[in-house]
Amino acid sequence: MSNSTLSLFVRVTKKTQEAEDIVSFELADPHGRPLPAFSAGAHVDVRIKDGLVRQYSLCNHPEERDRYRIAVLREPASRGGSTGMHDDVQEGDLLQISAPKNHFPLEPSPRTLLFAGGIGVTPILCMAERLAHTHAHFEMHYCARSRDRMAFVDRIQQSDYAEHVHFYHDDQPEAGNLDVASLVAEPDKDTHIYVCGPSGFIDHVLSTCKAQGWPASQLHTEYFTGAVQDSEDDESFEVKIASSGASFTVPKDKTVYEVLSENGVEIMVSCEQGVCGTCLTRVLEGEPDHRDLYLDDEEHAANDQFTPCCSRAKSKTLVLDL
Ligand code: FES
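Residues numbered from 1 in each chain as written. Predicted model: local features only at pLDDT ≥ 70, side-chain atom pairs only at ≥ 80, totals over all residues. Heavy atoms only, no water.

Overview of the sheet that holds strand 9 (residues 165–169)
Spatial strand order, 9-8-7-10-11: 5 strands in an open sheet with parallel pairing. In the strand order of this sheet, the two ends are held by strand 9 and strand 11 (219–223), each with one partner. In this sheet, adjacent strand axes meet at a mean angle of 15° when their direction is disregarded. Pairing of strand 8 (residues 137–144) with strand 9, which is carried by 5 bridges, proceeds in the parallel orientation. Residue pairing in the sheet places Met140 in a bridge with Val165 of strand 9. Sheet contacts for helix 2 (residues 121–133): strand 7 (111–117), strand 8 and strand 10 (191–197); angle to strand 7, the most-contacted strand, approximately 155°. The strands touched by helix 5 (residues 199–211) are strand 7, strand 8, strand 10 and strand 11; relative to strand 10, the strand with the most contacts, the crossing angle is about 160°. (Pairing = 2+ DSSP bridges. Helix = DSSP H or I, 4+ residues; strand = E, 2+ residues; numbered from the N terminus. Axes fitted to C-alpha atoms, helices over the stretch in contact; angles between N-to-C directions. Contact = heavy atoms within 4.5 Å.)

Structure (structure tokens):
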């Protein structure tokens, strides 16, 4: 991602602990001007530190122009982004962000079914507020591991759409488990389904819908934590830069992107999770081990490009068009 897309400076006006390991940040124009408008499902890119940009969904009411609100999950195992927001960003700080972008928009439809897992509640909450505001017919199902890890429960329970929202967490077994199969048992051409959360949660909801006969055109998702999976079986391999002939070893515990940037070979990254495609790089020789969600099956099979933020190699060497 070009840094030129990070065209806005905003001030952190409020930092709130919303739940265990989840902090929200309110962002406003430093001069009090209105912020660019956004629609439900939109996100902004946020520069965390040099070279590291993360994407966070906006979770305030999409009619608001005086602030953006994002919520960030602390992930100790991540490569610094989320932890950095929790520990390093304080009220009063300035942040560089992009204008809102929406890859997860609401389609106009008579009925809407929303599924949120954990921190995936952020765009779903924004959708619920938009749907409630327009008096649309919707239901929201919100799951988390425990009540303590569930953000925005009070806000939802105090809202005028609270009766449309169902909560599921392990501390409250009497509320029952989320039974996706029965909720989507009858495909309905007038209903669109939206799901956001950890990839396992998304996969479960989508595969259940597909098994019940829902067409893909009525299913919508946005991955929060990409498909990146570190495997204990990962092995080291070589990457070679075609233009210079330089060769570097990628050890099992580092990504190609990390090794290249340590050696002064710059690749732009954004999500670092195989979701956005920012880091896409052409492969001239060798076979990548694709671990992204950005390319489709056909593009993976072509093996002529890969995402160095998360993908690895099946061959001993990859020659990159850099
Ligand atoms: S940085 Fe997003 S796919 Fe690699």
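Concerning the state of the cysteines
Applying the stated criterion across every chain, the model contains 0 disulfides. Considering cysteine sulfurs only, Cys143 is the nearest to Cys209, which forms no disulfide, with 13 Å between them. Judged by its relative accessible area of 0%, Cys209 falls in the buried class. (Disulfide = S-S within 2.5 Å. Buried < 20%, exposed > 50% of the residue type's maximum accessible area, 1.4 Å probe, protein only.)

Description of the sheet that holds strand 16 (residues 305–306)
Pairing is mixed in the open sheet, where 5 strands are placed in the order 13-12-18-14-16. Strand pairing shows two members of the sheet lacking a second neighbour, strand 13 (247–250) and strand 16, which therefore form its edges. Examined bridge by bridge, strand 14 (residues 281–285) and strand 18 (residues 317–320) share 2 bridges and lie antiparallel to one another. Residue pairing for strand 18: Glu285 is matched across the bridge by Val319.

Observations concerning the nonpolar core
In terms of nonpolar packing, the biggest core is built from 52 residues, with Ile70, Met85 and Met140 touching the most fellow members. Top contributing element to this core by residue count: helix 2, with 8 residues. Built from parts of two domains, this core gets at least three residues from each of domain 1 (8–97) and domain 2 (111–223). Residue contacts for Met85: discarding those within four places in its chain leaves Lys15, Phe25, Val46, Ile48, Tyr56, Ile70, Val72 and Leu95. (Core = buried A, V, L, I, M, F, W, Y, C linked by side-chain atoms within 4.5 Å. Domains from an automatic or database assignment.)

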